[in-house]
Amino acid sequence: MAGVDVETLQRWLRGFAASVAEQRDALTALDAAIGDADHGANMHRGMTAVTEAVTATPPADPTALLKQTATVLIRSVGGASGPLYGTLFLRMASATGGETVLEPATFAKALRAGLEGVISRGKAELGDKTMVDALAPALDALDASLAEGGSLATALHAASEAADAGRDATTPMIARKGRASYLGDRSAGHQDPGATSAALLVAAAAAAVSGDG
Ligand code: ADP
Ligand code: MG
C-alpha cells in the first residue's frame, strides 16, 4: 500500500473499538486488581463515542479524523486514560499537516509525536508500569523495521509484537504513575491495564494497514 489514508485510519479506529469492546471486561478486571475497575468501561465508552462521531460526521482527511478522535476521547472518557489517549491522537493530528495520504515515515513520525505527548502530559518513564511500556518499544520496533526497508504492514506487525512484549513486561513492575502507584510494591504481579489497551491499539493499526482489520 502506498500510504495511510483516511479510510485506513477509520479501519484502525473501528478495529480498536471492536477489540476494546471484546476485551472490556478483561481490561476492567486488570484495573480492578491495581486501580478502580473502570479502564474497560472508560475505553469502551470513549471508542464507542469515537465510532459514532466519525460515522455521523465523516472527517475529510487524516488530520481532521485524528483531531476529532482526540476531542471525543478527552470529552467522553473520565480517568487518566482519556486525556492521555486524547493527547496521543491530538499530537498525531498536528504531525500530519493536512496531508491526505500519509507516507509510512509520516505515520511513524505522527505516532512518535503522539507518544511524546503522552510522556509530556503524564510524565511516565519506561518501567513505570503504564501504557508507555507498550507504546515506546512498539514505536522503536516500527522505526527499526522501516529503516531496514520493511513495508508499513511488516513494520506495524513488528511493532505489535513489541507492544505485546512490553505489555507482558509490566506484570512484575512496581507502578510509579497513576492510581496503581498508590499500591506501591503491591502493584507488582499484575499486568497494567493501560499497557494492555495500548497493545490493542498497535495490533489494530497492524491489522488495518494489512487490510485484515
Ligand atoms: P484511572 O487510573 O484514572 O482510573 P484508567 O483506569 O482508565 O484511568 O487508566 C489507567 C491506565 O492509565 C493505567 O493502567 C496506565 O497505563 C495509564 N496511566 C495512568 N497514569 C499514567 C501516566 N501518568 N502516564 C501514562 N499512563 C498512565
Ligand atoms: Mg481506572
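Above: the structure in question.
Quick caveat: nothing in here was measured; it's all calculated off a predicted structure.

J.: In this structure, what is going on with the nonpolar core? I would like to understand it.
T.: Among the nonpolar cores identified, the biggest contains 58 residues, and W12, F16, F89, M92, F107 and L142 are the most heavily contacted of them. Residue assignment for this core shows that the elements contributing at least two residues are α1 (6-34), α2 (39-56), α3 (62-76), α4 (81-96), α5 (104-122), α6 (132-147), α7 (152-169) and α8 (193-210). Residue contributions to this core peak at 11 residues, all from α8. Non-local contacts of F89, meaning those with residues more than four positions away in its chain, are made with W12, L13, L66, T69, A70, L73 and L201.

J.: Is there a simple way to explain the site of ligand 1 in this structure?
T.: As a matter of local geometry, ligand 1 sits amid 20 residues, with N42, A80, S81, G122 and D192 nearest to it. The contact in question runs from a nitrogen atom of ligand 1 to an N or O atom on the backbone of G122, over 2.9 Å. R179 is positioned such that a nitrogen or oxygen atom in its side chain is 3.1 Å from an oxygen atom of ligand 1. In the complex, 93% of the free accessible area of ligand 1, which totals 560 Å², lies under the protein chains. Put simply, the parts of the chain that give the shell around ligand 1 at least two residues each are α2, α4 and α8. Ranked by residue count, the leading element in the shell around ligand 1 is α8, at three residues. In terms of residue class, the shell around ligand 1 is made up of six nonpolar, eight polar and six charged.

Definitions and limits used
Residues numbered from 1 in each chain as written. Chains lettered and ligands numbered in written order. Predicted model: local features only at pLDDT ≥ 70, side-chain atom pairs only at ≥ 80, totals over all residues. Heavy atoms only, no water. Core = buried A, V, L, I, M, F, W, Y, C linked by side-chain atoms within 4.5 Å. Buried < 20%, exposed > 50% of the residue type's maximum accessible area, 1.4 Å probe, protein only. Helix = DSSP H or I, 4+ residues; strand = E, 2+ residues; numbered from the N terminus. Contact = heavy atoms within 4.5 Å. Near = heavy atom within 4 Å. Polar contact = N/O pair within 3.5 Å; in protein donor to acceptor, adjacent residues only side chain to side chain. Areas by Shrake-Rupley, 256 points an atom, 1.4 Å probe, with all protein chains shown as cover. Nonpolar A, V, L, I, M, F, W, Y, C, P; charged D, E, K, R; others polar.

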